[in-house]
Amino acid sequence: MAHTYIEEISQYQGEEVTIKGWLYHKTEKGKLRFLMVRDGTGLVQAVVFQKNVKPEVFEAADRVTQESSLIIKGKVRADERAPGGYELDVSELTIFQLAENYPITPKEHGVAFLMDNRHLWLRSSRQTAILRVRSEIIHACRDFLAERRFTLVDTPIFTPAACEGTTTLFETQYFDQKAYLTQSGQLYSEATCMAFGKVYCFGPTFRAEKSKTRRHLMEFWMVEPEIAWAELDDVMALAEELVSYVVQRVLDRKKEELKRLERDTTLLEKIHPPFPRITYHEAFRILQEAGSETPIGSDFGGTDETVIAEKFDLPVMVHRYPVEVKAFYVQPDPQDLSLALCVDVLAPEGYGEIIGGSQRVHDYHLLLQRLESHHLPREAFEWYLDLRKYGTVPHSGFGMGIERVVAWICGLEHVRETIPFPRMLYRIYP
RNA sequence: UCCUCAGUAGCUCAAUGGCAGAGCAUCCGGCUGUUAACCGGAGGGUUGUAGGUUCGAGUCCUACCUGAGGAGCCA
């Protein structure tokens, strides 16, 4: 049976339409029943007057419960009293399935309860708004890279060995050998960019870190561009353009969702290149002035990142960290070999690191040396060393964590709401 | 792994060491414009688990379990 989606309902004013959806909320007033119906595309109020309908229709409207699935036929009418401006004068109502005792009521709930009911919580207008923004962000990343002639080249999820050490890898069985879930597609993208020039991978990544903070998930999604012949400055420029494009795209296409989330968009509207660039040492000076006790030469903690980011309205690019705190594959700065050609992009408003990138070591002997000093098994990296033996070139790339970007753009307290089914420390259900 | 806090009705919470309660949800009744409606009524409890102190424990003590927030580490 043909039916109409709620988002298109304004085109059918005065006409009879059929809506298929779920009951979001119901209020009763004497011989009147107001049914708020959602169908995934929108919300519309359906009004049932006892006098105007057959007794069985009014009985169904009286009996229908929150989240019951239903089919409604009625005439579309503009009405100022209706949320959204249009409502449905119901003539027929079929309850497809009567939902009994839906656990999530229109009142407040605790986080633990909502997470236990994540499969149902997803139906709420706030959650669908967040996940629509997520969808837009992902499409924006793909469009941005496609427009710049990047080729999507997927990288494996099962990997034979560590990318950057084994302590934070999820180990799994691969028939009769051990395998690990990927932490990053980067090393493989370094191979594919030598074939395609400009590539990106976009997939889930897994980190077995026992992190329990608002910024961490065990399973999260990253978009990772990698470019042959690119140096650090090139990927810094790409990073600020990508972030700006994504933010503006969401502002342009997901206004309603941001409004639903009560996001103050004035700060987001300012997100355009160029972003401020500061060195690790400049960032460190900011921390010292703020009284941080982080020792020089070490990586920044979450609160440090917030202190630095608060100095700027735009995302800030912190580059050239000490070589020791960065991964084995990061190219040292020829101007000062103690510094790494790397960049972290810190989002404003305390959302922390959304991008980590670097120029990669392209010299065979240097890479070999770095593998050894990081105590990594050479056998596992023979293929990776080959890339430096057969036509090596300078190359750079970065990874952007989708969930942190979603949390920032939506203005959320916690990344757990940015992904349909978050995998968190001690929580894998549902 | 460490630190802090919490666990009482389906949900959110209250209860000085002295009868275990409220709001919402559910069910029944009323109301022709509700927006988390409102008004009246009803049902609903092994107070996370195990032990201990006490005349008496939801409350105090110990251990454990579960959850939340944070640290370290990271995107």
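Digging into the overall build of chain A
The secondary structure content of chain A amounts to 13 helices and 18 strands. When its C-alpha atoms are laid out on the principal axes, chain A stretches across 85 × 55 × 40 Å. Taken across its 430 residues, chain A has 51% of its residues classed as buried. Counted over contacts in chain A with a minimum sequence separation of 6, partners at least 24 positions apart contribute 66%. For chain A, the accessible surface area stands at approximately 20,900 Å², while carbon and sulfur atoms represent 51% of it.

A few points about the domain arrangement of chain A
Per the domain assignment, the segments of chain A are domain 1 (6–97) and domain 2 (118–418). Facing six residues of domain 1, the contacting portion of domain 2 comprises four residues. Each partner contributes to the roughly 350 Å² buried at the junction of domain 1 and domain 2, and carbon and sulfur atoms together form 34% of this total. Inspection of the domain 1/domain 2 interface yields one salt bridge. Residue Arg-123 pairs with Glu-67 through a salt bridge whose shortest N-O separation is 2.9 Å. Linking domain 1 to domain 2 there are three residue pairs in polar contact (both at pLDDT 80 or more). For the side of domain 1 that touches domain 2, the per-class residue count stands at two nonpolar, two polar and two charged.

Comments concerning the sheet that holds strand 18 (residues 395–401)
Overall, mixed pairing links the eight strands, which are arranged 6-10-11-18-17-16-13-12 in an open sheet. With one partner strand each, in any of the chains shown, strand 6 (151–152) and strand 12 (277–279) form the two edges of the open sheet. Bridge count for strand 16 (residues 342–347) against strand 17 (residues 352–360) is six bridges, and the pairing is antiparallel. Looking at strand 17, one finds that Asp-344 is bridged to Gly-356.

Topic: the packing of aromatic side chains
Throughout the structure, instances matching the rule amount to 14 aromatic pairs. Plain terms: the ring middles of Trp-383 and Tyr-384 are 5.7 Å apart, the flat faces sit at 70° to each other, and that makes the pair edge-to-face. You can call Trp-383 partly exposed: its relative accessible area is 29%. A relative accessible area of 0% places Tyr-384 in the buried class. By the ring-pair criterion, three or more aromatic residues cluster together here, those being Tyr-188, Phe-328, Tyr-329, Phe-381, Trp-383 and Tyr-384. Sitting above the plane of the Tyr-321 ring, Lys-326 keeps its charged end 4.3 Å from the centroid. Directly above the ring of Tyr-384 sits Arg-388, whose terminal nitrogen or CZ lies 4.1 Å from the centroid.

Brief notes about the protein's contact with RNA strand B
What surrounds RNA strand B is a group of 51 residues, the closest being His-25, Arg-214, Glu-353, Arg-404 and Arg-416. When atoms of RNA strand B within 4 Å of the protein are sorted by moiety, sugar and phosphate together comprise 49%. In this structure, Gly-110 approaches RNA strand B through a main-chain N or O atom, which is 2.9 Å from a phosphate oxygen. For the surface near RNA strand B, the secondary structure elements donating two or more residues are strand 1 (16–29), strand 2 (32–38), strand 3 (43–49), helix 2 (111–116), strand 11 (219–228), helix 10 (302–309) and strand 17.

Overview of the environment of Gln-97
Mapped onto the elements of the fold, Gln-97 is located in strand 5 (residues 86–97). In this structure Gln-97 comes out as partly exposed when scored by relative accessible area, which is 45%. Taking the C-alpha atoms as reference points, Gln-97 and Ser-68, 29 residues apart in sequence, are found 5.7 Å from one another. Setting aside residues up to four positions removed in sequence, Gln-97 forms contacts with Ser-68 and Ser-69.

A short note on the environment of Leu-152
Checked against the element boundaries, Leu-152 lands in strand 6. Given a relative accessible area of 36%, Leu-152 falls into the partly exposed group. The spatial distance from the C-alpha of Leu-152 to the C-alpha of Phe-202 is 7.8 Å, given a sequence separation of 50 residues. The residues contacting Leu-152, other than those within four sequence positions of it, are Arg-142, Tyr-200, Cys-201 and Phe-202.

Side note on the state of the cysteines
Inspection of every chain in the model, using the stated rule, returns zero disulfides. For the unlinked cysteine Cys-193, the closest cysteine sulfur is that of Cys-201, found at 11 Å. Overall, Cys-193 belongs to the buried group, its relative accessible area being 1%.

Here we look at the packing of helix 6 (residues 232–253) against helix 13 (residues 402–410)
Contact pair helix 6 / helix 13: the axes reach a minimum separation of 11 Å and the direction vectors enclose 50°. Relative to helix 13, the element helix 6 lies oblique. The interaxial crossing formed by helix 6 with helix 13 has right-handed handedness. On helix 13, the residues that touch Val-243, Val-246, Val-247 and Val-250 of helix 6 are Val-405, Trp-408 and Ile-409. Across the contact of helix 6 with helix 13, the residue classes break down as seven nonpolar, no polar and no charged.

The rules behind each value
Residues numbered from 1 in each chain as written. Chains lettered and ligands numbered in written order. Predicted model: local features only at pLDDT ≥ 70, side-chain atom pairs only at ≥ 80, totals over all residues. Heavy atoms only, no water. Helix = DSSP H or I, 4+ residues; strand = E, 2+ residues; numbered from the N terminus. Buried < 20%, exposed > 50% of the residue type's maximum accessible area, 1.4 Å probe, protein only. Contact = heavy atoms within 4.5 Å. Areas by Shrake-Rupley, 256 points an atom, 1.4 Å probe, with all protein chains shown as cover. Domains from an automatic or database assignment. Buried area = accessible area lost by both parts, 1.4 Å probe. Salt bridge = Lys/Arg side-chain N within 4 Å of Asp/Glu carboxyl O. Polar contact = N/O pair within 3.5 Å; in protein donor to acceptor, adjacent residues only side chain to side chain. Nonpolar A, V, L, I, M, F, W, Y, C, P; charged D, E, K, R; others polar. Pairing = 2+ DSSP bridges. Phe/Tyr/Trp six-rings, centres within 6.5 Å; stacked < 30°, edge-to-face > 60°. Lys NZ or Arg CZ within 6 Å of the ring centre and 35° of its normal. Near = heavy atom within 4 Å. Disulfide = S-S within 2.5 Å. Axes fitted to C-alpha atoms, helices over the stretch in contact; angles between N-to-C directions. Parallel < 35°, antiparallel > 145°, perpendicular 65-115°, else oblique. Left-handed = near helix turned anticlockwise from the far one by under 90°.

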